[in-house]
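Structural characterization, general
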Amino acid sequence: MDGDPAVEPQLDPFSRVFPLPYRVGFIVTLAVWGWGLNLHGLYLHKIDVPALIRYPGRTSPHHVPHHHSTYRLATVLSVLFGVSILLFWLVTWSVPARVVAYDWIPMTYLVAVVAIFVVPLRHLPSGGRHRFLATLRRVSIGGIAEAQDGKFGDILLADVLTSYAKVCGDLFVTVCMFFSSGGSSTERPDRNCGGTVIVPLLMAVPSAIRFRQCMIEYLRVRRAPYKESVGWGGQHLANALKYSTAFPVLITSSLQRNAQGDAAKAAYNRAWLVAVLANSLYSFYWDVAKDWDLTLFSTRRARTSPHHPWGLRDRLVFRSATIYYVVIGMDLMLRCSWSMKLSPHLDRFSDFESGIFLIEFLEVFRRWIWIFFRVETEWLRNSSTGLGVDDILLGNFQGKDDDDD
């Protein structure tokens, strides 16, 4: 995780062709396509995602699968994006003055995107959008449903939001610049728009949401009458601690940007390095050991069990063990994308608008891959134990570890 969004001092060529409002819209459209591919891929592997998130299933075999409805929505969003950005290019021809003057075109596009999710349209599926908005309202204040009401769906959405923290910050910057006196949403992005602390605070909200959800889960376990079977909730606290490690990253990054003098900047840079290293490695460990139930970090006996490939687990929905090893390596690399700042050849790349966008894209891609294996794990937990969906939330079914999400 990295919270240092420095940019070039002038309107760069990348922003002339692909201004900030369109980057936000592109990521949103990509997210819908990604969710459709998640649903489709898991459906082909006989995993019933709607059942896991307590979403109503299809009542007739003649009804299209859920991923088809998602693809339909994604197609509408893609057409809207394509029409709007083509119009913008035809009007501006990448001339900086025109790019700044015609910012109303991409802003109109963003309003239309919001309308597609909020306004009921006849030819678009409404049930999924209504369920998404209801879940988002509950999750946005750190709420979490009970297991029978779709708790896993709340956890999944809140986890996804942590990967869109920078996108949420960019959306605020876009709106702030548009409504600033004499400002434009398509000029050089001013990520201090509205004050030096607002954007970092907004980027911290998704992690705060998951932190609160973990604490709610911990309190539920403490109140449960069957503590012997679910443990004392310690892993909920450990999960909450994981999300809390995002806050020092954002704080030290903000302090570093606003520090006066080389000595202060160097000190904050060292503090940021420690914070981001702890956040990345802790999150990677949790992805592998808790979210995916793999044995890579387990005891030597569990890791080298003859019943499963080394470092994995007994049951694998995706048959090839190589896939899991590749995903583990990719997750580690993408969790540590901030390390580009340490390279003498790449340290400036992440300060350019194109570099910032690439890092945002790679984090969204990492989360898209993560969803396949997180949902697979939840499906196996449910089918392995015979309990209700989300009754067990971490991988040790022997009662030695506490449950978590």
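The model shown is predicted, which means the values in this text are computed figures rather than measured ones.

**A closer look at the overall build of the protein chain**
The secondary structure content of the protein chain amounts to 17 helices and zero strands. When each of the 405 residues of the protein chain is scored for burial, the buried share is 50%. For the protein chain, the proportion of contacts with a sequence separation of at least 24, taken over those separated by at least 6, is 70%.

**Notes on the pattern of salt bridges**
Summed over the entire model, instances satisfying the criterion amount to 17 salt bridges. Taking the shortest distance from any N to any O, the salt bridge between Glu353 and Arg23 comes out at 2.5 Å. Taken together, the residues Glu353 in helix H17 (residues 353–385) and Arg23 in helix H2 (residues 20–44) connect sequence positions 330 residues apart. Residues Asp287 and Arg366 are paired through a salt bridge, measuring 3.5 Å at the closest nitrogen-oxygen approach. Taken together, the residues span a long stretch of sequence, with Asp287 in helix H14 (residues 262–291) and Arg366 in helix H17 at a distance of 79 residues. Overall, Asp287 belongs to the buried group, its relative accessible area being 1%.

**As for the side chain of Ser163**
You can see Ser163 is positioned in helix H8 (residues 151–163). Judged by its relative accessible area of 5%, Ser163 falls in the buried class. In this structure Ser163 touches Glu363, Val364, Arg366 and Arg367, once residues within four positions along its chain are discounted.

**Some details on the UniProt feature "transmembrane region" (unreviewed entry) in the protein chain**
Taking the UniProt record as the reference, the feature "transmembrane region" (unreviewed entry) is found at residues 20–44, 73–92, 104–121, 267–286 and 316–334. Taken end to end, residues 20–44 is 100% helix and 0% strand, and its first and last C-alpha atoms sit 36 Å apart.

**Observations concerning the side chain of Ser280**
With respect to the element layout, Ser280 can be found in helix H14. The exposure class assigned to Ser280 is buried, which follows from its relative accessible area of 0%. Here the side chain of Ser280 touches Val276 through a polar contact of 2.9 Å, landing on its backbone oxygen. Reaching out from Ser280, the side chain makes a polar contact with the backbone oxygen of Arg335 at a distance of 3.0 Å.

**Here we look at the state of the cysteines**
The final tally for this structure, using the stated rule, is one disulfide. Across the disulfide, Cys176 is cross-linked to Cys193 (sulfur-sulfur distance 2.0 Å). Because the torsion about its S-S bond is -80°, the bridge between Cys176 and Cys193 counts as left-handed. Of this pair, Cys176 sits in helix H9 (residues 165–179) while Cys193 sits in the loop between H9 and helix H10 (198–223), and the two are 17 residues apart along the sequence. Each member of the pair, Cys176 as well as Cys193, carries the same accessibility label: buried.

**Considerations on unusual backbone geometry**
Positive phi outside glycine occurs at Arg54, with the angle close to 60°. Structurally, the position occupied by Arg54 is in the loop between helix H3 (49–52) and helix H4 (66–92). The backbone phi angle of Asp293 is positive, close to 60°, even though this residue is not glycine. Looking at the element boundaries, Asp293 is found in the loop between H14 and helix H15 (300–303). By relative accessible area, Asp293 is classed as buried at 12%.

**Remarks on the packing of H10 against helix H13 (residues 246–258)**
For the pair H10 and H13, interaxial distance at closest approach is 9 Å and the crossing angle is 170°. What the angle tells us is that H10 and H13 run roughly antiparallel. Where H10 approaches H13, its residues Pro200, Met203, Ala204, Ser207 and Ala208 are matched on the opposing element by Ala246, Phe247, Leu250, Ser254 and Arg257. When the residues that make up the contact of H10 with H13 are grouped by side-chain class, the tally is seven nonpolar, two polar and one charged.

**With respect to H9**
With 15 residues, H9 should reach 21 Å at 1.5 Å per residue; the first-to-last C-alpha distance of 22 Å fits that figure. Along H9, the residues that are buried comprise Ala165, Lys166, Val167, Gly169, Asp170, Val173, Thr174, Cys176 and Met177.

**Observations regarding the packing of aromatic side chains**
Here the structure, examined in full by the defined rule, presents 24 aromatic pairs. On the numbers, 5.5 Å between centres and 35° between planes, the contact of Tyr22 with Tyr109 is tilted. One end of the pair, Tyr22, is in helix H2; the other, Tyr109, is in helix H6 (residues 104–118), with 87 residues separating them in the sequence. In terms of burial, Tyr22 and Tyr109 fall into one category: buried. Ring geometry for Phe117 versus Phe132: centroids 6.2 Å apart, planes at 45°, classification tilted. One end of the pair, Phe117, is in helix H6; the other, Phe132, is in helix H7 (residues 127–140), and 15 residues separate them in sequence.

Rules behind the numbers
- Residues numbered from 1 in each chain as written.
- Predicted model: local features only at pLDDT ≥ 70, side-chain atom pairs only at ≥ 80, totals over all residues.
- Heavy atoms only, no water.
- Helix = DSSP H or I, 4+ residues; strand = E, 2+ residues; numbered from the N terminus.
- Buried < 20%, exposed > 50% of the residue type's maximum accessible area, 1.4 Å probe, protein only.
- Contact = heavy atoms within 4.5 Å.
- Salt bridge = Lys/Arg side-chain N within 4 Å of Asp/Glu carboxyl O.
- UniProt positions renumbered as here; feature names shortened; annotations may be inferred.
- Polar contact = N/O pair within 3.5 Å; in protein donor to acceptor, adjacent residues only side chain to side chain.
- Disulfide = S-S within 2.5 Å.
- Axes fitted to C-alpha atoms, helices over the stretch in contact; angles between N-to-C directions.
- Parallel < 35°, antiparallel > 145°, perpendicular 65-115°, else oblique.
- Nonpolar A, V, L, I, M, F, W, Y, C, P; charged D, E, K, R; others polar.
- Expected span 1.5 Å × (residues − 1).
- Phe/Tyr/Trp six-rings, centres within 6.5 Å; stacked < 30°, edge-to-face > 60°.

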